[in-house]
Amino acid sequence: MGTVGQAARATSLLIINPNTNARVTDNIRAAVQRIIGPATRALVLNPSAGPFAIENEQHREAAEPHVVDLVRGSHATRHDAYVLSAFDDIGLSRARALTRAPVVGAVEAGIAAARTMARRFAVVTTVEAALPGIREQLRRHGAADMASVRAAGIGVTEAADRGYAARQCLLRSIHLAVHEDGAEAILLGSGGLTGWTDLLQDETDVPIIDGVLAAVKMAEAFANLCPLGQEDEITAT
């Protein structure tokens, strides 16, 4: 417990975009800066090698070792919490084995947020190839019976560019999720969709949740709830 009047130490977050698309990383960085508190510092980065987009199981397998390497290599710099921004648990368990600091994934954080707002929600993602993996994630996190999944039919790169056609595809998927699936909330299920909430929310009456930003706020809160000293870090391989 800190002493009265002691200056609060800044909270440091490391946020990892597991693909190598710098535009996605830039979008995440801009969105994160709008929501973190004034005493929080966020480093947002992506691996220097690996898939440009993660849209299937092969991409996932190729990205995971690079994500883990970033976490392992971060021990020289003090971070209070980590965020993995793909809508997949890429490297999550391995990253948690490397540090006692909180490591938060966008899937679990997004589902947790959706559960506070709706009895039933829908995950809207980018490509059809991502649907089996997302359905498996929903089963793993105990949300399969309260969620549907829809793909907008746009690639991660197209989503990151935020063009008119991509917006129309996303709005169509949201409309179907609400009116055909009975969704009472929409969870954006791709790191490439980070920052889209403001572009979509005015077109629907149900809340739209950004899974990556939910993970950032959860990590920020847990870092302050359970602060760890540098000496508590694990250096396991």
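Check the entry above for the structure.
It should be emphasised that the depicted structure is a prediction, and the values quoted were computed from it without experimental measurement.

Undergrad: Is there a simple way to explain the overall build of the protein chain in this structure?
TA: Regarding its fold elements, the protein chain presents nine helices and eight strands. Against the compact-globule benchmark of 18 Å for 237 residues, the protein chain has a radius of gyration of 17 Å, which places it among compact chains. Counting only C-alpha atoms and orienting by the principal axes, one finds that the protein chain spans roughly 55 × 40 × 30 Å. The proportion of buried residues among the 237 residues of the protein chain is 53%. Relative to all contacts within the protein chain whose residues are 6 or more apart in sequence, the contacts with residues 24 or more apart total 71%. As displayed, the protein chain has an accessible area near 10700 Å², and 53% of this comes from carbon and sulfur atoms.

Undergrad: Looking at this structure, I do not really get the nonpolar core. What am I missing?
TA: Across soluble globular proteins, you tend to see nonpolar side chains buried next to one another. Formed by 45 residues in total, the largest nonpolar core has its most connected members in Ile15, Val32, Phe121, Val123 and Leu138. Take this core: its biggest share by element is seven residues, from helix α9 (residues 211–225). With near-sequence residues (within four places) excluded, Val32 lies in contact with Ile15, Ala42, Leu213 and Val216. With 19 residues, the next largest nonpolar core counts Ala122, Cys169, Ala183 and Val206 among its residues.

Undergrad: What exactly am I supposed to notice about the sheet that holds strand β3 (residues 81–84) here?
TA: Through backbone hydrogen bonds, the strands of a sheet pair up, either in parallel or in antiparallel fashion. Spatial strand order, β2-β1-β3-β4: four strands in an open sheet with parallel pairing. With one partner strand each, in any of the chains shown, β2 (40–45) and β4 (103–105) form the two edges of the open sheet. Strand-to-strand, the axes of this sheet are offset by a mean angle of 20 degrees, without reference to chain direction. In the sheet, β3 pairs with β4 via three bridges, with the strands oriented parallel. Opposite Val83, over in β4, you have Val104 as the bridge partner. Taken strand by strand, helix α1 (residues 22–35) contacts β1 (11–16) and β2, and its axis lies near 170 degrees from that of β2. Each of β1, β2 and β3 touches helix α2 (residues 57–73); the most contacted strand, β1, lies at about 160 degrees to it.

Undergrad: Is there a simple way to think about the environment of Leu84 in this case?
TA: Topologically, Leu84 is positioned in strand β3. Separated by 128 residues in sequence, Leu84 and Val212 have C-alpha atoms that sit 8.0 Å apart. Other than its neighbours up to four places away in sequence, Leu84 contacts Ile16, Val67, Ile90, Gly91, Leu92, Ala95, Val103, Val104, Gly105 and Ala106.

Undergrad: Just checking my understanding: could you explain the environment of Leu188 for this structure?
TA: Along the polypeptide, Leu188 turns up in strand β7 (residues 186–188). Sequence separation between Leu188 and Asn224 is 36 residues; the distance between their C-alpha atoms is 26 Å. Leave out the neighbours within four places in its chain, and Leu188 touches Phe87, Val124, Leu193, Trp196, Thr197, Leu200, Ile208, Ile209 and Gly211.

Undergrad: Would you take a moment to explain unusual backbone geometry for this structure?
TA: Among all residues save glycine, negative phi is the norm, and among peptide bonds the norm is trans. The phi dihedral of Arg162 falls on the positive side, at around 60 degrees, and the residue is not glycine. Positionally, Arg162 belongs in the loop between α6 (156–161) and α7 (164–179). Overall, the relative accessible area of 28% leaves Arg162 in the partly exposed class.

Rules behind the numbers
Residues numbered from 1 in each chain as written. Predicted model: local features only at pLDDT ≥ 70, side-chain atom pairs only at ≥ 80, totals over all residues. Heavy atoms only, no water. Helix = DSSP H or I, 4+ residues; strand = E, 2+ residues; numbered from the N terminus. Rg over C-alpha atoms; globule rule 2.2 N^0.38 Å. Buried < 20%, exposed > 50% of the residue type's maximum accessible area, 1.4 Å probe, protein only. Contact = heavy atoms within 4.5 Å. Areas by Shrake-Rupley, 256 points an atom, 1.4 Å probe, with all protein chains shown as cover. Core = buried A, V, L, I, M, F, W, Y, C linked by side-chain atoms within 4.5 Å. Pairing = 2+ DSSP bridges. Axes fitted to C-alpha atoms, helices over the stretch in contact; angles between N-to-C directions.

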